[in-house]
Amino acid sequence: MKKLAIISAIVLGLGAASCDSYMDINQDPNSPAESNMTPSIMMPAAEMNLAATYGNLMRIPAGYYTQHFAQAFGTSNYVDYSQFTMSATRSSTAYSQMMRGALKNLQTIRTLAKEKEEWGTYLAATSLRAFGFQALVDCYGEVPFTEAFDVSIPSPKYDEGSAIYAALIAELDEALAKASATDVVATNFLFPGQRAAAWIQFANAVKLKIYSRESGVASVDSQIGAIINEGNLPAADVAFANCWSDESGQMNPYFSEEFSTKFGSTQINVVANVAIIGTMLQKDAEGAVIYEDPRLATFFEPNGSGNYTGSISGTNFSTSDSYKSTYWCRPVASYDMPVYLITKSEIEFFIAEYYARQGNHDQAAAHYADAIAASFATAGVAGAAENVAFFPYDKDNYKKSIGIAKWIALTGTNDFESYCELRRLRYPAFGTVKGSDMYNLQTDESYKPELYQPGTLYTPIQVDGNIGDNKLLERYPYPSSSTASNANAPKFTNADYTKPVFWAN
C-alpha cells in the first residue's frame, strides 16, 4: 500500500514559503518559532491534513462500507473493510492526523485570529474545525472535545456526540455573529482570494449538515427552516480543487494512495462493487439494459473488455484465475480530482428531506430533482430528468427515494458522507440476496451479478462476526492511538460495533 507520510510532515507544517511547499506532504517543512506563527502560515497545512484525512483515510473504508467499493483480485489490503471490519489500530492514523494535524492547528488559528480580531479568519478556522469534529463524531460516536487540546490533562474525557454537535453549532453561531462578508481571510486553499462571504455560506452549510444529521433524534426543523429561508448557502460544490499537481506529495491524497505509480507500485486494491454497478446499470431477466445512468462512466472506468462489472464484498476472489484485475471496473481518479467537503447536490437533498418532513411534498420533489440535477452537473453529463423519472421521488417513503438517490450521487464525490447517510436514512436497505448467493468460495462457482437486487445492500461473502447478516458497522472502535494512554477512554465491547451513534438511533 502506498502510504502518505502525512502525519510527520504537516502536523505542524508551519514554515512553508509557497503553495508548492505546503502541498509537499511527504517532506518536513521548516518550522518557525512559535512566536512567529500566523494564521496564513498555519492554515494551508491544517487544510491539507484535513483533506488527506477526510478525502482519503476516511473515504476508502467508507467506500467499502457503502458497497461502492470491493477488493480487487489477488490483494488483501482492504479485504477487512469489505467484510465490514474496522479495528482500533486501523482507525488510529486517520484519528491522529485529524486531531493533531488539522483540529489542533485550527484551534490555534482560532486563538490567534480572535486575539487580533481577524473575524474572517476566525470564521474560516471555526468552520473547518466544526467540519472535522463532526466527521470524528460520525465515526466514533464519542471523542475528546472539551479537554482535547488541554496540555494539562493527559487523559481527556470523551464527550458525548450530541453534546459535541451542540457545541459546534454554538461555535459556528458565535463566529458567524462576528464575521462580515467583506472580512479578509488568511491564506487558504478552500476559497483562495475570497473574503468571508464564501466562508459564511460554508458555515451555514456545515450547520445544515449538523442539524440534518440529528433531525431524527432532535427537534431541529425550525433551525433548518431558518437556514433554508435565509438562503445564504453555497451555490456550487465546496471542495479543495485547483490546488493539486502531478508531483509526488502534491496530488489528491486519494489518488496518490490508490492510483499513482510515482511510488513505484502498481498494486490495485479498490474496484467497483456489484451493488453500485447493478443499480446504475440495470438489466432485465434476459440481460437487456433497462437503464444506464450517464454518471456511471464518470464514476468508474469500464473493465478490460469495455464492460461495467462489480466485485462482491467480503473476498478478493483469490480462489479463481478467472477474475483478474482487468475484469473489474476501477473508480475514475486523477491527480487533480477535488476533495469534496459538501456538494450542491447534498445541500439540495437535505432541503428536500426537510420539506418531506413538513409534508410539503411538492417542494420536496422539486429539491429532490434539483439535487439529482446538481449531481449530474458535477459529473458533467446530461440526463438528470430521465434519472428522476427512473428513480422518482416517493412521498410515501421519502427516506427510501432520497437515500438511494443520495447513495448513488455520492459515489463519485464523497463516500464518507454516503456512509453516514446510509446509517441515518437506512437506505439502501439490505435485500434478500447475500454475497454468498452471488459467488461461492467453496466451490469457486462463477459469480452471478444478475442475482443482485438493484438499490439494495447485501451481506458480504465473509462478514465480521461482530456485525452479522444484514447489518452495518455502525461505529468505529475507539482509536488505540488515543485509548492506549488515556485512562478516561470508554470501554468498547463487541456489541458496540452495531450500536448506532446518537443521531442514527
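All values derive from a computational prediction rather than experimental measurement.

Thresholds, definitions, all that
- Every chain is numbered on its own, with residues counted from 1 as its sequence reads.
- Where local features are concerned, this predicted model is filtered to residues with pLDDT of at least 70; where side-chain atom pairs are given and counted, the filter is 80 or more; whole-chain, interface and lining totals use all residues.
- Side-chain descriptors were evaluated using all non-hydrogen atoms of the structure, hydrogens and water having been removed beforehand.
- Every helix listed is a DSSP run of H or I at least four residues long, and every strand listed is a run of E at least two residues long, numbered separately from the N terminus.
- Definition of a polar contact: a pair of N or O atoms within 3.5 Å, with one able to donate and the other able to accept a hydrogen when the atoms are protein atoms, and with sequence-neighbouring residues admitted only if both atoms are side-chain atoms.
- For the exposure calls, accessible area comes from a 1.4 Å probe over protein chains only, and a residue counts as buried if that area is under 20% of its type's maximum, exposed if over 50%, partly exposed in between.
- Pairing between strands requires that DSSP locate at least two bridges from one strand to the other.
- A pairing counts as a salt bridge when a side-chain nitrogen of Lys or Arg comes within 4 Å of a carboxyl oxygen of Asp or Glu.

Side note on the environment of Tyr158
Inference 1: With respect to the secondary-structure elements, Tyr158 resides in strand E3 (residues 158-160).
Inference 2: The spacing of Tyr158 and Asp496 is 338 residues in sequence and 16 Å in space, taken between C-alpha atoms.
Inference 3: Looking at Tyr158, its side chain comes within polar contact range of the side chain of Ser482, at 2.7 Å.

Things to note about unusual backbone geometry
Inference 1: In this model, Tyr427 is joined to Pro428 through a cis peptide bond whose omega is 0°.
Inference 2: Mapped onto the elements of the fold, Pro428 is located in the loop between helix H18 (415-425) and helix H19 (435-438).
Inference 3: A positive phi is found at Gln67, a non-glycine position, where the angle reads about 60°.
Inference 4: Judged by its relative accessible area of 0%, Gln67 falls in the buried class.

A few points about the pairing of strand E7 (residues 289-292)
Inference 1: Pairing of strand E6 (residues 281-283) with E7 involves three bridges; the strand directions are antiparallel. In the sheet register, Gln282 faces E7, and the bridge partner there is Tyr291.
Inference 2: In textbook terms, the turn of a hairpin is the stretch between consecutive antiparallel strands, and for E6 and E7 this stretch comprises five residues, one of which, Gly287, has a positive phi near 90°.

Here we look at the pattern of salt bridges
Inference 1: Scanning the model with the defined rule gives 21 salt bridges in all.
Inference 2: One salt bridge in this structure joins Arg213 and Glu421, with 2.5 Å as the shortest N-O distance. In this pair, Arg213 sits in helix H9 (residues 196-213) while Glu421 sits in helix H18, placing the two residues 208 residues apart along the sequence.
Inference 3: Overall, Arg213 belongs to the buried group, its relative accessible area being 0%.
Inference 4: Its relative accessible area of 4% is what places Glu421 among the buried residues.
Inference 5: Taken together, the salt bridges that share partners define one network made up of Asp138, Lys209, Arg213, Asp221, Glu353, Arg357, Lys406, Glu417, Glu421 and Arg424.

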